[in-house]
Amino acid sequence: NYVVILLFSKDTEKLLLVKRNKKPYPNMWNGIGGKIEVGETPIEAAIRECKEETGLTMINPKLLVTYVYPKSNPMNSNTHLSVIYDFIDIEEVEDNYEGHYEWKDVNFALDFNSKEIAGCSNLAQMIKEIYDIEDIKKFY
C-alpha cells in the first residue's frame, strides 16, 4: 500500500514535484510518496513520508481517493494507492536520494501530453479533481 502526496502552494498556483532518481519513473516528475507502514492510515503515512522526504509539515492533509489495482494487473497486482493533498507555504526543499524537488507551476502538471510527468497523465486528472472539490477552478 502506497501514498502519493500532492502539495500545493497556499495560492494554489504551484505544486511540489520530485524528479525521481529511481524506479518507478526515473527522471520523471511525480508527487511525493512512499509506502504505508503497518498500522498507519494513509493520512498518517502521508504526513510521515512528507516530513521524511522533504522536511515539510502537512497542515490539513485530505484524502482524494484510494485506487485499488486489480489482481490481474501484472505491474500493480492488488496495490492500493491513496492520493493525499494539502496546501502549504512554499519552502525550499533540498534534493536527496529520492530526487530533485521543485515547486512547479500547476499548468506544467496539467499537460496531459507531457513526456516528463510520471503515470500516464494521472497527475493532471488528480489535480483537476482536487481543484474541483476545493472550488478553486471548475473543470467539469
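Residues numbered from 1 in each chain as written. Predicted model: local features only at pLDDT ≥ 70, side-chain atom pairs only at ≥ 80, totals over all residues. Heavy atoms only, no water.

Draft legend 1. Structural view of the overall build of the chain. Regarding its fold elements, the chain presents 3 helices and 7 strands. Counting from the amino terminus, helix and strand elements in the chain follow one another as β-β-β-β-α-β-β-β-α-α. For 140 residues, the compact-globule estimate of 2.2 N^0.38 gives 14 Å, and the C-alpha radius of gyration of the chain, at 14 Å, lies within 12% of that figure. Overall, the C-alpha framework of the chain stretches about 40 × 35 × 30 Å when taken along its three principal axes. Counting every position in the chain, which comprises 140 residues, the buried fraction comes to 42%. Accessible area for the chain stands at about 7800 Å²; split by element, carbon and sulfur atoms hold 51% of it. With 16 positive and 23 negative side-chain charges, the chain shows a spacing of 6 Å between the two charge centroids. (Helix = DSSP H or I, 4+ residues; strand = E, 2+ residues; numbered from the N terminus. Rg over C-alpha atoms; globule rule 2.2 N^0.38 Å. Buried < 20%, exposed > 50% of the residue type's maximum accessible area, 1.4 Å probe, protein only. Areas by Shrake-Rupley, 256 points an atom, 1.4 Å probe, with all protein chains shown as cover. Lys, Arg positive; Asp, Glu negative; His and termini not counted. Charge placed at Lys NZ, Arg CZ, Asp CG, Glu CD.)

Draft legend 2. Geometry of the pairing of strand S1 (residues 2–9). Burial within S1 is extensive, with 7 of its 8 residues counted as buried. Direction of pairing for S1 relative to strand S4 (residues 32–35): antiparallel, over a ladder of 4 bridges. Following the sheet pairing, Val-3 is matched in S4 by Gly-34. Of the strand pairs in this sheet, S1 and strand S6 (residues 80–88) are connected by 8 bridges, and their pairing is parallel. By the bridge assignment, Val-3 is partnered in S6 with Ser-82. Pairing of S1 with strand S2 (residues 14–20) involves 2 bridges; the strand directions are antiparallel. Paired with Phe-8 across the two strands is Leu-15, which belongs to S2. In sequence, S1 turns back onto S2 through a hairpin of 4 residues, with Thr-12 there showing a positive phi of about 70°. (Pairing = 2+ DSSP bridges.)

Draft legend 3. Main features of the environment of Thr-54. Along the chain, Thr-54 turns up in helix H1 (residues 42–54). Spatially, the C-alpha atoms of Thr-54 and Asn-96 are 8.5 Å apart, while their sequence positions differ by 42 residues. With sequence-adjacent residues up to four places away left out, Thr-54 is seen in contact with Leu-16, Ile-32, Val-93 and Tyr-101. Within the structure, Thr-54 has its side chain in polar contact with the backbone oxygen of Cys-50 (distance 2.6 Å). Separated by 3.0 Å, the side chain of Thr-54 and the backbone nitrogen of Leu-56 make a polar contact. (Contact = heavy atoms within 4.5 Å. Polar contact = N/O pair within 3.5 Å; in protein donor to acceptor, adjacent residues only side chain to side chain.)

Draft legend 4. Representation of the side chain of Lys-104 in the model. Relative to the helices and strands, Lys-104 is located in strand S7 (residues 99–105). Given a relative accessible area of 16%, Lys-104 falls into the buried group. Leaving out residues up to four positions away in the same chain, Lys-104 has contacts with Glu-13, Lys-14, Leu-15, Leu-17 and Trp-29.

Draft legend 5. The pattern of salt bridges, seen in detail. Across all of its chains, the model carries 10 salt bridges by this definition. Here Glu-40 and Arg-48 are joined by a salt bridge, their closest N and O atoms 2.7 Å apart. The exposure class assigned to Arg-48 is buried, which follows from its relative accessible area of 16%. Overlapping salt bridges bring together Glu-37, Glu-40, Arg-48, Glu-49 and Glu-52 as one network. (Salt bridge = Lys/Arg side-chain N within 4 Å of Asp/Glu carboxyl O.)

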